[in-house]
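Here are the chains, one letter per residue:
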Amino acid sequence: MIKHIKYGVYECMSQPLKGLQDELTQDLLDAIKQLDWTDYQLWTHGSILGTAPANDIDFTIIGPRDNQRISELLEGCVRLGYERNIQTDTKYLVEGHLYDPVEGHPQKQIQAHYQPEIWINGTTYKYGTLVDGLWLTERHWPMTKPAAPYSPKQLI
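Parameters at a glance
Residues numbered from 1 in each chain as written. Predicted model: local features only at pLDDT ≥ 70, side-chain atom pairs only at ≥ 80, totals over all residues. Heavy atoms only, no water. Pairing = 2+ DSSP bridges. Helix = DSSP H or I, 4+ residues; strand = E, 2+ residues; numbered from the N terminus. Contact = heavy atoms within 4.5 Å. Axes fitted to C-alpha atoms, helices over the stretch in contact; angles between N-to-C directions. Salt bridge = Lys/Arg side-chain N within 4 Å of Asp/Glu carboxyl O. Buried < 20%, exposed > 50% of the residue type's maximum accessible area, 1.4 Å probe, protein only. Expected span 1.5 Å × (residues − 1). Phe/Tyr/Trp six-rings, centres within 6.5 Å; stacked < 30°, edge-to-face > 60°. Lys NZ or Arg CZ within 6 Å of the ring centre and 35° of its normal.

Peer 1: Teacher, can you tell me more about the sheet that holds strand β10 (residues 134-141) here?
Peer 2: Pairing between the strands of a sheet is mediated by backbone hydrogen bonds and can be parallel or antiparallel. With respect to topology, 7 strands assemble into an open sheet ordered β9-β10-β6-β5-β4-β3-β11, the strand pairing being mixed. On the outer flanks of this sheet lie β9 (129-131) and β11 (153-154), each paired with one strand and no other. Bridge analysis of strand β4 (residues 57-62) against strand β5 (residues 88-95) gives 5 bridges, and the strand direction is parallel. Within β5, the residue paired with isoleucine 61 across the bridge is tyrosine 92. Across the sheet, helix α2 (residues 67-83) is in contact with β4, β5, β6 (107-113) and β10; its angle to β5 comes to roughly 165°.

Peer 1: Mind showing me how you'd approach the pattern of salt bridges here?
Peer 2: Should their charged atoms come close, side chains of opposite charge can pair. Using the criterion set out here, one finds 8 salt bridges in the structure. Between arginine 84 and glutamate 83 there is a salt bridge, with the nearest N and O atoms lying 3.8 Å from each other. Residue classification places glutamate 83 among the exposed positions, given a relative accessible area of 51%. A salt bridge links lysine 108 to glutamate 138; the shortest N-O distance between them is 3.9 Å. Separated by 30 residues along the polypeptide, lysine 108 in strand β6 and glutamate 138 in strand β10 bring together distant segments of the chain.

Peer 1: Hey, could you run me through α2 in this one?
Peer 2: Note: α-helices contain 3.6 residues per turn, so residues at a spacing of three or four share the same orientation. With 17 residues, α2 extends 24 Å between its outermost C-alpha atoms, agreeing within 8% with the 24 Å of an ideal straight helix rising 1.5 Å per residue. Regarding α2, the residues found buried are Arg69, Ile70, Leu73, Leu74, Gly76, Cys77, Val78, Leu80, Gly81 and Tyr82. One or two steps after α2, the chain reaches asparagine 85, where phi turns positive at roughly 60°.

Peer 1: I'm lost on the packing of aromatic side chains in this one. Help?
Peer 2: Think of a pair of aromatic rings as described by two things: how far the centres are apart, and how the planes are tilted against each other in angle. Using the criterion set out here, one finds 4 aromatic pairs in the structure. Summarising the aromatic geometry, the rings of tyrosine 7 and tyrosine 114 are spaced 5.1 Å apart at their centres and angled 85° between planes, so their arrangement reads as edge-to-face. On the criterion of sequence distance, the pair formed by tyrosine 7 in strand β1 (residues 3-7) and tyrosine 114 in the loop between β6 and β7 (117-120) is long-range, its members being 107 residues apart. A centroid spacing of 5.4 Å and a plane angle of 20° characterise the contact between tyrosine 99 and tryptophan 141, whose relative ring orientation is stacked. A residue pair is termed long-range when its members are at least 10 positions apart, and tyrosine 99 in the loop between β5 and β6 and tryptophan 141 in strand β10 qualify at 42 residues. Per residue, the accessibility class of tyrosine 99 equals that of tryptophan 141, and both read buried. By the ring-pair criterion, three or more aromatic residues cluster together here, those being Tyr7, Tyr10, Tyr82 and Tyr114. Note that lysine 6 overlies the ring of tryptophan 119, its terminal NZ or CZ placed 4.6 Å from the centroid.

Dropping the structure here:
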C-alpha cells in the first residue's frame, strides 16, 4: 500500500519494498553508505529481511553519543529514503540493546529519532520528547504488534 508521509521537512509517497535485494532498496543502501559512518554501525531489522513486501525499512544506528553526528546520520537516512519514495524508519540506540525476535529476550530501549512526530495519510503520530538535544522515545520489546521473525542484520 502506498502511503503519503510527511516527516520533518521531507515528504514522500512510500512504496512497498521487496526485501534487501530489491533494486530500490539496494539503491538506497548504496546512497546511505556514502554518509560518514566513522565510529557508527547501521543495522536493519523487521519485515525488510523477509520475502513478503515491506512497507518501510527499519534502521538502527549504534555508536558514540555525539548529538551532532547522530542528528546528521538520522536526517541523512531519512532524506535519502524520502528522495526515493521509501519510508526509512531510522532510530539511534541511546540505551539498551538491539532486540532480536528470534532470541525473544525482553528489552527496554531509549531511541532517538529525526523528529518527534510523523504524518501518515492524514494522521499525525506524536512520539518524541526533546531530551538533551535529541528526540527520544522509550520502547519495550517485544511490542504488542508481532515482530518480524528475523534477527537484525548489520549493514555498516
